[in-house]
Amino acid sequence: MKSNEIREKYLNFFQKRGHSVIPSASLVPENDPTTLFTGSGMQPLIPYLLGQKHPMGSRLANSQKCFRADDIEEVGDNRHTTFFEMLGNWSLGDYFKQEQLAWFFEFLTQELGLSPEKLYVTVFSGDENSGIPKDEESIAIWKRLFAEKGIEAKDVELGTQEAGYEKGMQGGRIFAYDVKKNWWSRAGVPEAMPVGEPGGPDSEVFFDFGTPHDVKFGGTCHPNCDCGRFLEIGNSVFMEYKKKEDGSFEKLVQRNVDFGGGLERITAAVLGNPDVFAIDLFPHIIQEVEKLSEHSYREPASQKSFRVIADHLRAAIFIIGDGIIPSNTERGYFARRLIRRAVRHLNLLGATRRGLTSLVGAVAKTYEESYPNLLQNKENIAAVIRSEEERFKQTLEEGLKKVSKVFKAKTPIAREKFVAFMNREDKNDLLRRAYRDKRGGKKYDIKEAELTAEEIEKATLSGKEAFDMFQSYGLPVDMVLELATESSLLVDLEAYRDEFAKHQKVSRTAAAGRFKGGLADTSYETTKLHTANHLLLAALRKVLGDHVHQRGSNITAERIRLDFSHPQKVTPEELQQVEDLVSQKIQEGLNMVKREMPKEEAQKLGAEMEFGIKYGDVVSVYCAEDDKGNAFSNEFCGGPHVKNTSELGKFKIVKEEAVSAGVRRVRAVLE
Ligand code: SER
């Protein structure tokens, strides 16, 4: 079965059960300053989970594009990807545990034909600190559902993460885990949740591939063990709590269900192959890399590189497709890291002949049906990737030389000890604690992992060393970490982040005041230029492509200054086309019509939003349209505008220049 078919079956299944299918939101969250990327289907729905009425009703479903930056370092095994599609269904104060668990079980066993024998489930064991009880109701439901399939499902307690969940399978089918595993909120465990954040106990379903347990990952196996036997394929969150000011929890105004299941993982389960990269979404790209490299995906030693390339390139393409350009800050930095890491792995495979850019087509083609915009936008996406790839290649060789020099001055940890440490689930916590203690002048041995302070000291790259590799040679920290890990060395990531933040603060201060956005005043001249600004943006998008979005604008009575995303210089011919198109629209005498509508509707209309602006649920959109209502431009905007574009007179572009990587600026006037 192919992923397209599974996606379709899922959406049909829930549509038949009264759900409205909503479109995937952008990977760039619109109204949510708390996260850089959309990482789950529920994220764009937060206001509705908190009680606001959704225009499409109380039962929703979709397939959401997701990017989880936290998983970047995990990519290389057979299951982790940074980009994935999340199949989701939601009850906004409508159905609850009974329906949700029964439906998902039915979907897996009836629609997809998975054997119930291979499914194992988990539930919440309760939390004394927050006073939230064990989820006995879900246990009872699961027992009944398995019994209907002739399976007696025993429930067992797995204890706490601190105790390593060492009790093992105990012949169970339903496993109760603590807050670390079976509580879901965007911030994680109840303690970490900010005030007002919704969350709740969850119940996950795991598929058993039946592979033998690998003791590297702990003494005994259990559904959440990382050895590869079990794969999580769906998570039903029973979102009924909200964090209060005093740290305790209250019930939300409505009880919600928030379900999410990775499309790629479900497909792998249906195929019975634990390798997520073996599903239909990856062969195109893997085969292309095989052709370039003379290595085969089947060689165990090459698999990590193939997977990193396939995952990172796919993620970069989707992110760029949603308007992000590689840079050193925020979202752009992730695009940069993905591309650079993929380039390095192509080099490791000896596939230097044609470069990463040549693989863009293979990914876009894979998504021809489900995300046609990628294929339409292929040339622009490829241009962004090409420019980043070329920039990186200029410094890569020198950077790697510098890395070996720094590494030579360190003493690696004995390989076996190092590998055992890296397999610990708590390795990052342990290291963080050690480095903090070191900074605080305390003892910093990691007894749990038998690492002495001296071993850590001699094997660690400081934050400054890692940051220098980034600043001088463009090596992103994940790459430095990966190189260090290959050499049994460590990196003080927290110190690196401090260095990075320090640097960003300096650049932000430098940038502040450089660009003051908006209209200088509301005079007639400025208002005319404001209308011209809308026509200009629409014309740039028509001539250069849909990747063009406004990144800022400053309008005075004399001129427009518009910043927009575009990877390269706009040619004089293109500028001329843009100018001609705006002039034509002025001549056509389009009406500037203001409409108020729900934000969703405005988005469906394709209205341009300004980057970084928060919009409410009802928005005002200005449409430049002819008498029949055919719009040339739709923009989220509060005005003011002229009534008709014929008022504008003669339009002229006076300058085009670079502002920063991937952002261009045009100045234009009305004569
Ligand atoms: N929000 C939950 C998750 O991301 C379920 O959708 O796992």
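Residues numbered from 1 in each chain as written. Predicted model: local features only at pLDDT ≥ 70, side-chain atom pairs only at ≥ 80, totals over all residues. Heavy atoms only, no water.

1. What about the overall build of the protein?
Working step 1: When its secondary structure is counted, the protein shows 21 helices and 20 strands.
Working step 2: The C-alpha radius of gyration of the protein comes to 27 Å, within 12% of the 26 Å expected for a compact globule of 671 residues.
Working step 3: Taken over the C-alpha atoms alone, the protein extends approximately 80 × 60 × 55 Å along its principal axes.
Working step 4: Sorting the 671 residues of the protein into buried and exposed places 55% on the buried side.
Working step 5: Long-range contacts, defined here as pairs at least 24 residues apart, represent 70% of the contacts in the protein between residues at least 6 apart.
Working step 6: If you sum the accessible surface of the protein, you get close to 28900 Å²; carbon and sulfur atoms cover 48% of it.
Working step 7: A distance of 3 Å separates the average location of the 94 positive side-chain charges in the protein from that of its 102 negative side-chain charges. (Helix = DSSP H or I, 4+ residues; strand = E, 2+ residues; numbered from the N terminus. Rg over C-alpha atoms; globule rule 2.2 N^0.38 Å. Buried < 20%, exposed > 50% of the residue type's maximum accessible area, 1.4 Å probe, protein only. Contact = heavy atoms within 4.5 Å. Areas by Shrake-Rupley, 256 points an atom, 1.4 Å probe, with all protein chains shown as cover. Lys, Arg positive; Asp, Glu negative; His and termini not counted. Charge placed at Lys NZ, Arg CZ, Asp CG, Glu CD.)

2. What to know about the pairing of strand 15 (residues 560-565)
Working step 1: Taken across its six residues, strand 15 has six buried, putting it largely inside the fold.
Working step 2: Here strand 15 shows two buried faces, one formed by Ile560, Leu562 and Phe564 and the other by Arg561, Asp563 and Ser565.
Working step 3: Bridge count for strand 14 (residues 550-555) against strand 15 is five bridges, and the pairing is antiparallel. When the bridges of strand 15 are listed, asparagine 554 appears paired with arginine 561. (Pairing = 2+ DSSP bridges.)

3. Some details on a negative patch on the surface
Working step 1: Negative charge collects at one region of the surface, where Asp70, Glu73, Glu74 and Asp226 lie side by side.
Working step 2: Tracing the chain through its elements places aspartate 226 in the loop between strand 8 (198-208) and strand 9 (230-243). (Patch = residues over 30% accessible without salt bridge, like charges linked within 9 Å, V, L, I, M, F, W, Y side chains within 5 Å. Salt bridge = Lys/Arg side-chain N within 4 Å of Asp/Glu carboxyl O.)

4. Re the site of the ligand
Working step 1: The immediate surroundings of the ligand are formed by Ser40, Met42, Arg68, Met86, Trp184, Asn235, Val237, Asp258, Phe259 and Gly260.
Working step 2: Within the side chain of arginine 68, a nitrogen or oxygen atom sits 3.0 Å from an oxygen atom of the ligand.
Working step 3: Within the complex, the protein chains bury 95% of what would otherwise be the 230 Å² of accessible surface of the ligand.
Working step 4: Elements represented by at least two residues in the shell around the ligand include exactly strand 9 and strand 10 (249-262).
Working step 5: By residue number, the principal contributor to the shell around the ligand is strand 10, which donates three residues.
Working step 6: Across the shell around the ligand, the residue classes tally to five nonpolar, three polar and two charged. (Near = heavy atom within 4 Å. Polar contact = N/O pair within 3.5 Å; in protein donor to acceptor, adjacent residues only side chain to side chain. Nonpolar A, V, L, I, M, F, W, Y, C, P; charged D, E, K, R; others polar.)

5. Looking at unusual backbone geometry
Working step 1: Phi angles above zero are rare outside glycine, and glutamate 294 is one such case at about 65 degrees.
Working step 2: Here glutamate 294 lies in the loop between helix 7 (283-293) and helix 8 (300-321).
Working step 3: One non-glycine residue, serine 488, adopts positive backbone phi at about 60 degrees.
Working step 4: Mapped onto the elements of the fold, serine 488 is located in the loop between helix 17 (477-486) and strand 12 (490-491).

6. Describing the packing of aromatic side chains
Working step 1: Scanning the model with the defined rule gives 36 aromatic pairs in all.
Working step 2: With a centroid separation of 6.5 Å and 55 degrees between ring planes, the pair formed by tyrosine 333 and phenylalanine 334 is classed as tilted. Here the two residues tyrosine 333 and phenylalanine 334 agree in accessibility, since each one is buried.
Working step 3: When the ring centre of phenylalanine 13 is taken as reference, the NZ or CZ atom of arginine 17 above it lies at 3.6 Å.
Working step 4: Taking NZ or CZ as reference, arginine 173 lies 4.3 Å from the ring centre of tyrosine 120, over its face. (Phe/Tyr/Trp six-rings, centres within 6.5 Å; stacked < 30°, edge-to-face > 60°. Lys NZ or Arg CZ within 6 Å of the ring centre and 35° of its normal.)

7. Digging into the side chain of aspartate 275
Working step 1: As for its position among the elements, aspartate 275 is in the loop between helix 6 (263-271) and helix 7.
Working step 2: With a relative accessible area of 10%, aspartate 275 lands in the buried category.
Working step 3: Those residues in contact with aspartate 275 that lie beyond four places of it in its chain are Asn78, Tyr297 and Arg307.

8. Some words on the side chain of glutamine 550
Working step 1: Tracing the chain through its elements places glutamine 550 in strand 14.
Working step 2: Exposure remark for glutamine 550: the relative accessible area of 5% places this residue in the buried category.
Working step 3: Among the polar contacts made by the side chain of glutamine 550, one reaches the side chain of asparagine 533 at a distance of 3.4 Å.

No statement about biological role is implied by the geometric values presented.
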